[in-house]
Amino acid sequence: MTIVVPDEFKHLYVFDDEHPVVKIPAEVLRQKAAPIERIGKSHLALAENMQRVMRRARGVGLAAPQVGVLERLVVVAPEGRPIVMINPEIVSAEGSVVGEEGCLSIPGLYGDVERFESIEVKALDKRGRETLYELEGMAARVVQHEIDHLDGVLFIDKVDVATLHWFDPYAEDED
Ligand code: ZN
């Protein structure tokens, strides 16, 4: 699906030092990210930077390709405290639930996406320890969305097209 950004939303699609989240149609968002073989200082710095970027953009999740890095690292903060997941993998999934999603790489566009209701995710933490996360609700949704990013998949690929709509989440700030 080709997204045509309405004129009044084009200001959200700026990419520069102040707005470091990559936006569509950047090719990097459509590529598959590589597994991280050995966690190094650069990955810790990347995770720190991504948390800062996510917080500033008021997002609840961010995947490395969204800052131009094709490695399998995501940060998620569905309930405040951010979690860094390296090489995350869904190992089991149950149920299905429809809910609204947006994406910092497609700012202003929202729509309903069907996701697994609960998932188990295996990932390495920042120190390389394998961790199993049992997630449901918002957390499960965010992590599925972010793992999709690592495979070059965007929510617009899975969205119920009839529910797509534009809304400026920052509009209130601008007055
Ligand atoms: Zn996204």
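Just above, that's the structure.
Structure report, in brief. Each chain has its residues counted from 1, running along the sequence as written. Totals for whole chains, interfaces and linings use every residue, but because this is a predicted model, local features are given only for residues with pLDDT of at least 70 and side-chain atom pairs only at 80 or more, for both listing and counting. Only heavy atoms go into the side-chain values, all of them from the structure, while hydrogens and water stay out.

Another aspect to go through is the overall build of the chain. Scanning the chain from terminus to terminus reveals 2 helices and 8 strands. Each helix corresponds to a stretch of at least 4 residues labelled H or I by DSSP, and each strand to a stretch of at least 2 residues labelled E; elements are numbered beginning at the N terminus. Each helix (α) and strand (β) of the chain, taken in turn from the N terminus, gives the series α-β-β-β-β-β-β-β-α-β. Computed over its C-alpha atoms, the radius of gyration of the chain comes to 16 Å, within 12% of the 16 Å expected for a compact globule of 175 residues. Taking the principal axes of its C-alpha atoms as reference, the chain extends roughly 45 × 40 × 30 Å. Each residue's exposure class comes from its accessible area (1.4 Å probe, protein chains only) as a fraction of the maximum for that residue type: buried when under 20%, exposed when over 50%, partly exposed otherwise. When burial is assessed residue by residue, the chain has 44% of its 175 residues classed as buried. Intrachain contacts of the chain at a sequence separation of at least 6 include 66% that bridge at least 24 residues. For the chain, the exposed surface amounts to about 9,600 Å²; the carbon and sulfur share of it is 50%. With the radius of gyration taken over C-alpha atoms, the globule rule is written as 2.2 Å times the number of residues to the power 0.38. Working rule for contacts: check all heavy atoms of both residues, and any pair within 4.5 Å makes them a contact. Areas reported as accessible are Shrake-Rupley estimates using a 1.4 Å probe. Residue values count occlusion only from the protein chains shown.

What follows is about the packing of aromatic side chains. Centres within 6.5 Å make a pair out of two Phe, Tyr or Trp rings, where for Trp the six-membered ring is used; the pair is then stacked when the planes are under 30 degrees apart, edge-to-face when over 60, and tilted otherwise. This model, assessed by the stated rule, comprises 2 aromatic pairs. Summarising the aromatic geometry, the rings of Tyr 110 and Phe 167 are spaced 6.2 Å apart at their centres and angled 65 degrees between planes, so their arrangement reads as edge-to-face. Pair noted here: Tyr 110 is in strand E5 (residues 109-115) and Phe 167 is in the segment after strand E8 (165-166), with a separation of 57 residues, a long-range link.

Right, let's get into the layout of surface pockets. Note on definitions: the grid is 1 Å and covers protein atoms alone; a cavity is a set of points where a 1.4 Å probe fits but cannot get out; a pocket is an open set with protein on both sides within 12 Å along at least five of seven lines; lining residues have an atom within 4 Å of a point. Grid points are joined across faces, edges and corners, and a volume is the space filled by probe spheres set on the points. The space that makes up the largest pocket amounts to roughly 470 Å³. If you trace the largest pocket, you find 22 residues lining it, with Gly 59, Val 60, Gly 102, Cys 103 and Tyr 110 closest to the centre. Mapped onto the lining of the largest pocket, the elements with two or more residues apiece are strand E4 (97-101) and helix H2 (137-150). It is H2 that provides the largest number of residues to the lining of the largest pocket, a total of 6 residues.

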